[in-house]
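# Residue-level structural notes
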Amino acid sequence: MGFPHTPHPRETLVLSKHFGDTDARTYKGWVKRGGYEMLNQALAMEPAAIIEEVKASGLRGRGGAGFPTGLKWSFMPREKKKPHYLCVNADESEPGTFKDREIMRWTPHGLLEGTAIAAHAIQADVTYIYIRGEFTEAWDIMERALAEANAAGVFGKIKIYLHRGAGAYICGEETAMMNSIEGKRGNPRIKPPFPAAAGLFGMPTTINNVETLAAVPLILENGAAWYKGLCLSNPKSTGTKLLSVCGHVQKPGNYEVTMGFPLKDLLYDLCGGMRPGRTLKAVIPGGSSVPILNREEAESTLLDYEGCVEKGTMLGSGGVIVFDDSADLVYQIMRLARFYAHESCAQCTQCREGTAWTTKILERILAGQGKMADLDLLLDLADNMTGKTICVLSDSCAAPVVSGIKKFRNEFEAYITGNRKPVIAA
Amino acid sequence: MPSLTIDGRALTAGTDQTILEAARAAGLGIPTLCWYPKLPIVGNCRICLVSVAGEPKLLPACATKVTDGMQVTTESHAAVQNRRGVLSLLLERYPADHLRNGGRAEPRNEFERYVMQYGVVPTPTWGRDLPLRTGDERPGDPMIRHDMTTCILCTRCVRACEDIQVVGVLDVGFRGEHAEIVVGADGDPEKAGCTWCGECVRVCPTGAIFEVMPKERFSPQQIRHPERVVRSVCPYCGVGCQVDLHVANNTVARVTSPDIEADTPNQGSTCVKGRFGYDFPQHRDRLTTPLIRRGWEKEGGCWAWKGRRGAERRGGPWKSIEGEGQQTKPGTPPRVTGKKVRQLPLLERIDMDIRDRVATPSSWYEPFREATWDEALELVAQELLRIKQQRGGDALACFSSAKCSNEENYLMMRMFRGALGTNNVDHCTRLCHSTSVAAMQRAINTAAASGSMREIEEACDVIFIAGANTTESHPVFGALIKRAHEKGATLIVADPRRTELAGRADIHLQMQPGTDVALYSAMLHHILTQGLENKEFITTRTHGFEGVREAVRAYDPDRAAKITGVPADTIRRAAELYATGPNTSTLWAMGLTQHAMGTDIVTSLLNLMFACGMIGRWGAAMLPIRGQNNVQGASDVGAIPFVYTDYQPVTDPEVRERFAKTWGVSPESLSLNKGLMVTEVVKPESGIRGMYIMGENPIISDPDIAHAEHWFLQLEFLAVQDLFLTETARYADVVLPGASFAEKTGTFVNTERRIQLAKKAVDSPGQVRGDLEILIDLSNRLGLNAPFKTADDVMREIVRVTPSWAGVTHARLEGAGLQYPVPTPDHPGTRFLFADAFPTADGKATFVPVQYTDPVELPDDAYPFVMNTGRQLYHWHTGTMTRRATGLDAREPTPIVEIHPADAARLGVAEGDLVRLTSRRNSMVTAVRVSDRVARGQVFVPFHFREAAANLLTNPILDPYAKMAELKICAVRIEPVRMPAAV
């Protein structure tokens, strides 16, 4: 097994430097590559100094929300009165996203090192790495790596446990993840209280994404200024981003680029462009939860947090889903809605009923039984589902529906008016 | 104190209040579905979202804390749009076609009211994309069923079950659109540990979870619009839950509990008995006219006995309890839970059979004829006066009733003392907490709990429960203890059985029955060796400690471990937790008291408590948990043989003077001798020839029934006042039909000294008279002026002679009631006692050294098992009420004996098999329930069942101080009984 592609010259290899290198997976191999040195140094540092360094680097959460990591850490109580927890979100379930999996597969020690540094920075006693249940290979590798690192005693007093998810997408939401670790049903919690005040087991907790933490040792090693310098566009977005490209491109896969890299270049240069004879139709740039971009928007998008927002979408988790002109977007949107309906935790009314209803309407349209009024009903439902629930799962379901109807209304209408043949049975 | 504006109104809210709380406090309504007072806030229905100035999104009012300067708009356009959205989404899966009729429909529940309020019209059910909701349904359940199509998944029921009752039967199963309320893991509430408390029914906003019984008997209109709703007090245990009786058609249609935020002892909860055990007054067995035994005839203005004489004088065409005990019975059918019922084709037949045996057999009525009130009361008065004249007042005795109100008990003891000149007045406290009272009187001259129930939840750190199966016998209090435990209090349970609380306790001291003194002495021994005793408390608040120090010296934990069977280290750990509290509350009930050395056992526990100073603070309470709903009150108003009201001794001439004056009789007519107690009365040497029994059933509840039954046959005259022709009443000369709890007004005192008012809800059936009325009439006929009309009148006299109740009036008892002492009309009542001093002469408590002695009857080769008796969740005492309550009886229809699985295997018996239990006194046949709640070598027999009365076997030996019988321990032998060919 090797990493699928040889790096493209325009990639910036920071996190993916050792991808494909099986020797880097072992403790010895990682130490040979300079691993765990930063942890040793960090353990000797004041927690506040680490937080300052990370703040200065401009590192932002790579799970999707893009919240500044150093700032998040600084929310933890300075004076420790209760146990602190760190949760590492390795429940990577967002459709179209597969970057954390690769980090765990190839550089498990890099993640463990970043985790331990973060744990020290927020004075956490115990750390849970919550790994998606379906990631069996990543789990095995992480388990082996953790055993090796523990045997080498590199973590000092910090305890790291792996926790295996059981297949629920919603457990990737930070508060649902905490419930899941506590042994409860994975329902998101109402905020406030925020995790830094009362999180796992009611104690101050920080939750970070795998990619975020994997970057932390490198920031300490090369300095905040170096990381801040990795920026092609907006200075608020720094560092590199692993982008998981899937769909109708010649060479799908994980590509690591500097923040602000043009989406157009990613698609046409790094990924080898569309399949022969096909043209680009739409892109979902940040995992399934963000609004869809049409061709014009996609080709002018710069891939960083601000660049995506400018085009009315989000960088999200960096799962780039590409559709060429052969794609049936109504069907694709129905598939997304069905996913969210299936994964809704069923707490909030809007989400539980709204995702299911949206799916049923889309299915009806695809079965040739739609009405024009259904499009209004869908938009009405989407409005109902946006910004009103405990977590953003229901917003995520609404986003592709709204942008889809707005940008590709003719495709919906084709099904409704009978200009397209039904593709599913009623 | 943040100030904010809600809908333009400037308000000042408490810090830490939510927007919803602030709005409610100001009388502003915000619609809520998932929110319910006191339940954890989950904020999942999203209907309470409101607009807050400066916030980009709508915020949930139920979960958002107020901040200074906040500007809230509850009915902004966005908020209203969202509410309409939520309601229409919920309606899409809700059967609401009736709401489509242009606004003429009547909303049937909380949810539909919002639908109407926001003008949301549901789509017709036939045109919908989504199916109606489903969920676990509890088919065939006798009390609670579900119609999950109307569920809106607010999860109130889940949280009520988990966080109020701490049972956790209900949960949300599955995800997304398939989410539904599930019952346990497989839909069987029995397996999931359901207690049928009905908390889920109470909180459900749509009626998806509903009570079966009202729906079967009343129309929806009658249920939705009861004629009146009357506040009463639950007629079962000593927790004294307030309940609301809904009246339709002059019957109690259903029972609900008061507002969860109301200041009631139950804080809005009830248990299965309170919520579903209300239909016994309407049972067909109810007596509606007075009965006189055939043979009594009136001749020349005087009643004379013309019937048979001798042993058969009082008999009848029935089997004695002893005889019924010998009969074989159908084995236990599975308890009715739902799914099992369907799998049991024969159940109906078995059930019929059971019902015939439970109800009063028609043959029992044969020796009686119906009579008028005048005839009946005339006969009673004549015979009581005749016996008094011929044999003296002390040949008469009465059993008053812990089920009757304070007023009735007061009139009863007033009548016997004032008109008949005897102090032979007692009630079932004798078989309940008499030993506690004896021990507490000896130590601190008090006879009631020192604290309140809710302090266990509010302020207690360590809960020590001895011999109390609280979750079954006092379920609402049990739930409170579980809540306290969930919140972090340490729970220590001393009990030979592994009860529910013992199962969840931090420490379970599972001792051999009757070895309590050794256990508590060993705990004190360890506390003293560790120096953990409260030295200041001992020196300033008590005397006589050195005697106890001496007495416990012999009980080091290692020796106690040999006696009690509890590992020495466990005893040590429990002792340390108990002593270091900081606030330890001590609770106990029948497991301690119903022993022949009950007074010593309670004393040893009190010694432990005083040595650690765990009394007289909020959080450190002494709580003997009272059994009956008015056992405390009946004692308080003097229905016990040696005191008048407020425990004023009958032997004190000054006290006698005062009462004689109040009652308008000569002081000499009142006896200065202490009277006989319940257990002393039912003995050949008592010399009692005539009896009046109000609402008690001693033939089932007294030890060694065969002897008791024989004793009652020998009486010259017996009058019984009861709702039904009970096992005792069938031996009576006159049976007077009394009124049930719903048919009268009166006051009751619960286990925390709280005097509460229960009001009349319905009229009595037939010629039934209120007990108060009967007693007033009879008093007057006996020549004692009883110038009362109502319970209020009687209370006014009671408070004149009861110093600690001096400030009580019926008007003041409205609402939460008052915890006595209430010395003045403006006194707010007393939540806990003994903060500074005890009510003894010098204000100090007395330590009384006690020594452990083996229980009188230990198992041996001939009788190898120790039999313990007690109560079940679904039944009450002698079953007079609960076995006639449809829902309750369906859950526990037959008598059982709990046997440990290992013992059952050794005996070769399985669940439902019949066994014969034989003690040194008698034997009876009952069915096996295999359960590891009992320890090996022990069996547990509930005493509710006439057809297998536990008290046939029990030992009538008495406690030397309190005359309590050894009800908890007797040695028995168990043999399998072969059933006759298939039922």
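Residues numbered from 1 in each chain as written. Chains lettered and ligands numbered in written order. Predicted model: local features only at pLDDT ≥ 70, side-chain atom pairs only at ≥ 80, totals over all residues. Heavy atoms only, no water.

## A short note on the overall build of chain A
Of regular secondary structure, chain A possesses 18 helices and 11 strands. With respect to the principal axes defined by its C-alpha atoms, chain A has extents near 70 × 45 × 35 Å. Within the span of chain A, comprising 426 residues, buried residues form 61% of the whole. Contacts in chain A between residues at least 24 apart in sequence constitute 72% of all its contacts with a sequence separation of at least 6. When the accessible surface of chain A is split by element, carbon and sulfur atoms take 53% of a total near 15,800 Å². Between the centroid of the 48 positive side chains of chain A and the centroid of its 47 negative side chains there is a distance of 2 Å. (Helix = DSSP H or I, 4+ residues; strand = E, 2+ residues; numbered from the N terminus. Buried < 20%, exposed > 50% of the residue type's maximum accessible area, 1.4 Å probe, protein only. Contact = heavy atoms within 4.5 Å. Areas by Shrake-Rupley, 256 points an atom, 1.4 Å probe, with all protein chains shown as cover. Lys, Arg positive; Asp, Glu negative; His and termini not counted. Charge placed at Lys NZ, Arg CZ, Asp CG, Glu CD.)

## Concerning the overall build of chain B
The secondary structure content of chain B amounts to 35 helices and 39 strands. Its C-alpha atoms give chain B a radius of gyration of 29 Å, within 12% of the compact-globule value 30 Å for 983 residues. Within the span of chain B, comprising 983 residues, buried residues form 66% of the whole. Contacts in chain B between residues at least 24 apart in sequence constitute 74% of all its contacts with a sequence separation of at least 6. When the accessible surface of chain B is totalled, it reaches about 32,800 Å², and 51% of it is carbon and sulfur. Positive and negative charge centroids in chain B, built from 111 and 116 side chains respectively, lie 2 Å apart. (Rg over C-alpha atoms; globule rule 2.2 N^0.38 Å.)

## Description of unusual backbone geometry
For residues other than glycine, phi is negative in most cases, and the peptide bonds are mostly trans. For the bond from Pro192(A) to Pro193(A), the omega torsion is 5°, close enough to zero to count as cis. Among the secondary structure elements, Pro193(A) is positioned in the loop between α8 (174-182) and β4 (205-209). For the peptide bond that leads from Gly581(B) to Pro582(B), omega is 0°, which places it in the cis range. Residue placement: Pro582(B) occurs in the loop between α24 (568-580) and β23 (584-588). Positive phi is not limited to glycine here, since Asp704(B) has a value of about 50°. Along the chain, the position of Asp704(B) falls in the loop between α30 (698-701) and α31 (705-713).

## Points about the domain arrangement of chain A
Residue and element names in this part refer to chain A. On domain assignment, one finds that chain A holds domain 1 (22-228), domain 2 (240-324) and domain 3 (329-417). Between domain 1 and domain 3, the residue contacts involve 14 residues of the former and nine residues of the latter. Carbon and sulfur atoms make up 66% of the surface buried where domain 1 meets domain 3, a total of about 890 Å² over both sides. If you sort the residues of domain 1 by the area they bury against domain 3, Tyr-169, Ile-170 and Pro-188 come out on top, with a joint share of 50%. For the pair domain 1 and domain 3, the interface holds zero salt bridges. The interface formed by domain 1 and domain 3 holds three residue pairs in polar contact (both at pLDDT 80 or more) in total. Tallied by class, residues from the side of domain 1 that touches domain 3 come to six nonpolar, four polar and four charged. (Domains from an automatic or database assignment. Buried area = accessible area lost by both parts, 1.4 Å probe. Salt bridge = Lys/Arg side-chain N within 4 Å of Asp/Glu carboxyl O. Polar contact = N/O pair within 3.5 Å; in protein donor to acceptor, adjacent residues only side chain to side chain. Nonpolar A, V, L, I, M, F, W, Y, C, P; charged D, E, K, R; others polar.)

## Notes on the interface of chain A and chain B
Interfaces are frequently sized by the accessible area removed from exposure as the parts join. Taken together, the contact between chain A and chain B spans 29 residues of the former and 29 residues of the latter. Summed over both sides, the interface between chain A and chain B buries roughly 2,400 Å², with carbon and sulfur atoms accounting for 53% of that surface. For the interface between chain A and chain B, the tally reads five salt bridges. Linking chain A with chain B are 14 residue pairs in polar contact (both at pLDDT 80 or more), by the criterion used here. Of all the secondary structure elements, the ones that give two or more residues to the side of chain A that touches chain B are α14 (329-343), α15 (349-366) and α16 (372-385) of chain A. Top contributing element to the side of chain A that touches chain B by residue count: α15(A), with 10 residues. Considered class by class, the residues forming the side of chain A that touches chain B number 12 nonpolar, 10 polar and seven charged.

## Concerning the sheet that holds strand β25 (residues 690-694) of chain B
Residue and element names in this part refer to chain B. As summarised here, the arrangement of the seven strands in space is β16-β13-β27-β26-β25-β17-β18, forming an open sheet in which the pairing is mixed. Each having just a single partner strand, β16 (368-370) and β18 (425-426) make up the two edges of the open sheet. Pairing of β25 with strand β26 (residues 717-722), which is carried by five bridges, proceeds in the parallel orientation. Its bridge partner lying in β26, Met-691 is registered against Leu-718. Together, β13 (291-293), β16, β17 (396-399), β25, β26 and β27 (734-737) form the strand contacts of helix α13 (residues 373-391), whose direction differs from that of β27 by roughly 130°. (Pairing = 2+ DSSP bridges. Axes fitted to C-alpha atoms, helices over the stretch in contact; angles between N-to-C directions.)

## Examining the pattern of salt bridges
Residues and elements named next belong to chain B. Taken as a whole and judged by the stated rule, the model has 97 salt bridges over all chains. The closest approach of N and O atoms between Asp-733 and Arg-313, which form a salt bridge, is 3.0 Å. Here Asp-733 is found in the loop between β26 and β27, whereas its partner Arg-313 is found in the loop between β15 (302-305) and α10 (321-326), with 420 residues between them in sequence. As far as burial versus exposure is concerned, Asp-733 and Arg-313 are alike and both buried.

## Some words on a nonpolar patch on the surface
A cluster of nonpolar residues, Phe67(A), Leu71(A) and Phe75(A), forms a patch on the protein surface that exposes about 260 Å² of accessible area. Tracing the chain through its elements places Phe75(A) in the loop between α4 (69-74) and β1 (85-90). (Patch = residues over 30% accessible without salt bridge, like charges linked within 9 Å, V, L, I, M, F, W, Y side chains within 5 Å.)

## Observations regarding the nonpolar core
All names here are of chain B. Judged by nonpolar contacts, the single largest core of 80 residues is most densely connected at Ile-463 and Phe-477. Inspection of this core shows a minimum of three residues originating in each of domain 2 (434-624) and domain 3 (865-976). When residues no more than four places from it in sequence are discounted, the contact partners of Ile-463 are Ile-456, Ile-481, Ala-484, Ala-489, Thr-490, Leu-491, Ile-492, Ser-585 and Leu-587. Membership of the second largest hydrophobic core comes to 68 residues, among which are Leu-411, Ile-755, Leu-757 and Val-801. (Core = buried A, V, L, I, M, F, W, Y, C linked by side-chain atoms within 4.5 Å.)

## A word on the domain arrangement of chain B
If you check the domain split of chain B, you get domain 1 (3-127), domain 2 (434-624) and domain 3 (865-976). Averaged C-alpha coordinates put domain 1 of chain B and domain 3 of chain B at centres separated by 53 Å.

## So, the confidence of the model for chain B
Residues with a pLDDT of 70 or more make up 96% of chain B, whose mean pLDDT is 92. pLDDT under 50 marks residues 339-354 of chain B. Its contacts with residues more than four places away, or in other chains, come to 19 contacts. (pLDDT = per-residue confidence, 0-100.)

## Focus: the pairing of strand β2 (residues 126-131) of chain A
All names here are of chain A. With six of its six residues buried, β2 lies for the most part within the structure. What you see with β2 is no split at all: Val-126, Tyr-128 and Tyr-130 on one side and Thr-127, Ile-129 and Ile-131 on the other are buried throughout. Relative to β2, β1 is paired through six bridges, and the arrangement is parallel. Residue Asn-89 lies in a different strand from β2, and its bridge partner there is Tyr-130. Bridge analysis of β2 against strand β3 (residues 159-164) gives six bridges, and the strand direction is parallel. Paired with Val-126 across the strands is Lys-159, a residue of β3. In the classification by handedness, the crossover that spans β2, the intervening helix α7 (residues 136-152) and the parallel β3 is right-handed. (Right-handed = clockwise from strand over helix to strand, strands pointing away.)

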